[in-house]
Structures are given as structure tokens and as C-alpha cells.
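Summary of the model geometry
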Amino acid sequence: VQLVESGGGLVQPGGSLRLSCAASGFTFSSYTMSWYRQAPGKERELVAVIVSVGGSTNYADSVKGRFTISRDNAKNTVYLQMNSLKPEDTAVYYCSTVTGGSRKWGQGTQVTVSS
């Protein structure tokens, strides 16, 4: 299983970024995918989830209405569109899934929201 995130960077408050996570090594379309984030000195937290069948989504209260998770099963990729970014969104963002009974993680991508 390999998960490779990209798309992070430095953005001003109110700006937007789109994160991507390219997956390989498993049947991507059959698995629920998630985005987590970890800010300095804080625990890793769940940001958004998209299920494998039907594409239902769920979000942390802190990002509802601003972030959108989506997936392209033909490209084995999950996305996180982040709008109206705030300084408190600054964190390392991780793509994740559960396969073989254990949670797998990507290497993470840094998002910094600052003026």
C-alpha cells in the first residue's frame, strides 16, 4: 500500500488549496479514504472521510462548509479542496485508509496559512 500526498504549501488567510493523494497497492475503489491533519503540539485529527460505495462524505465540524473531499476511482486518487483557509488550518495533512486490519498513512503534506 502506498499513499502519496501532494498540493500543500503556503497560502494567505482566505485562500484555497487542493490536496491530492495518489494511492496504489490495493483496490482503491473498494476502500473508504480519509484525510487527517496534525498541527504542531496537537494530536492528529480526522478532517474528512469519503466512503467507497456511494461516495458519502463526512467532515469535522471545524471544516464543514469550507473543505470538500472527493475521489476519482479511475485515477486512484482522493482530493481535499480547501477554501476560506484560516491560520488554524495550518498542519501536516495526511491521507489514510484501513487495509488488512491496520491503518495506513501517507508521508503527509504541509499546509501553512499565514499572511
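The structure we're discussing is the one just above.
How each quantity is defined
- Residues numbered from 1 in each chain as written.
- Predicted model: local features only at pLDDT ≥ 70, side-chain atom pairs only at ≥ 80, totals over all residues.
- Heavy atoms only, no water.
- Salt bridge = Lys/Arg side-chain N within 4 Å of Asp/Glu carboxyl O.
- Buried < 20%, exposed > 50% of the residue type's maximum accessible area, 1.4 Å probe, protein only.
- Helix = DSSP H or I, 4+ residues; strand = E, 2+ residues; numbered from the N terminus.

1. Focus: the pattern of salt bridges
- Overall, the coordinates contain 4 salt bridges when judged by the stated rule.
- Between Arg 37 and Glu 45 there is a salt bridge whose closest N-O contact spans 2.6 Å.
- Assessed through its relative accessible area of 6%, Arg 37 is described here as buried.
- Given a relative accessible area of 32%, Glu 45 falls into the partly exposed group.
- Arg 66 is the salt-bridge partner of Asp 89, the closest N and O atoms lying 2.7 Å from each other. Taken together, the residues span a long stretch of sequence, with Asp 89 in the loop between strand 8 (77-82) and strand 9 (91-99) and Arg 66 in the loop between strand 6 (57-59) and strand 7 (67-72) at a distance of 23 residues. Here Asp 89 matches Arg 66 in class, with each residue buried.
- Each of the salt bridges in this network shares a partner with another, and the network as a whole consists of Arg 37, Glu 45, Arg 66 and Asp 89.

Any functional reading would require information beyond the geometric quantities listed.
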